[in-house]
Structures are given as structure tokens and as C-alpha cells.
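# Structural overview for review
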Amino acid sequence: MARAKLFYTCTPQVLHDIGGGFRKAFRLNVLDISQGTDRARLLCTVNDVCGSAGQARQLESLLYRNQVSPNHIIDVLENWLP
């Protein structure tokens, strides 16, 4: 079986704050693109991973560079987040 080629993308989302307002956050999506980007398969999603586009791009780069398995995403996030 061929090894999956993984792609990581953070997309903006709007969340309700505890105080009743709204805030912008980013959701991490992990996709298998080994069959091509037109046949990408969503493997996992993690909501509210960061609050800025800059952090989102840094996270995408870190995950892509290391091809982090979906099984280890939470471990990496726990170590990466301030």
C-alpha cells in the first residue's frame, strides 16, 4: 500500500465566545492527497487551533514539512501551542 501524502490547511471559522460575543479562529484540516488534489480525502479536522493567519501558516508549514500523521496531530498541537 502506498504511503499517504498529506496536506494541511487552516481555514477561518467564527466561534461563540464564553462572554456571548464572537471571535475568529482557525480550523486545521488534514487531507490525503496521494491520489491527487482533485481527489483529496479529509482525514481529520481540529477546531480552534490558533487565532491568527500567521500562526495558521506556521502550523501548516510545520506539519507539511514533517508529514505528521493524523494519529499524532493532537500531540504536536499540544506541544506547539503557547
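This text goes with the structure placed above it.
Conventions and cut-offs
- Residues numbered from 1 in each chain as written.
- Predicted model: local features only at pLDDT ≥ 70, side-chain atom pairs only at ≥ 80, totals over all residues.
- Heavy atoms only, no water.
- Helix = DSSP H or I, 4+ residues; strand = E, 2+ residues; numbered from the N terminus.
- Pairing = 2+ DSSP bridges.
- Axes fitted to C-alpha atoms, helices over the stretch in contact; angles between N-to-C directions.

### Remarks on unusual backbone geometry
One non-glycine residue, Asp 48, lies in the positive phi region at around 55°. For Asp 48, the position within the fold is in strand 3 (residues 41-50). Unusually for a residue other than glycine, Gln 67 sits at a positive phi of about 45°. Tracing the backbone shows Gln 67 in the loop between helix 1 (53-66) and helix 2 (73-80).

### Some details on the sheet that holds strand 2 (residues 22-32)
The three strands lie next to each other as 1-2-3, forming an open sheet whose pairing is antiparallel. A single partner strand is all that each edge strand has here, and the edge strands are strand 1 (6-16) and strand 3. Neighbour to neighbour, the strand axes of the sheet diverge by 25° on average, direction disregarded. Strand direction decides the pairing type here: strand 2 and strand 3, joined by six bridges, are antiparallel.

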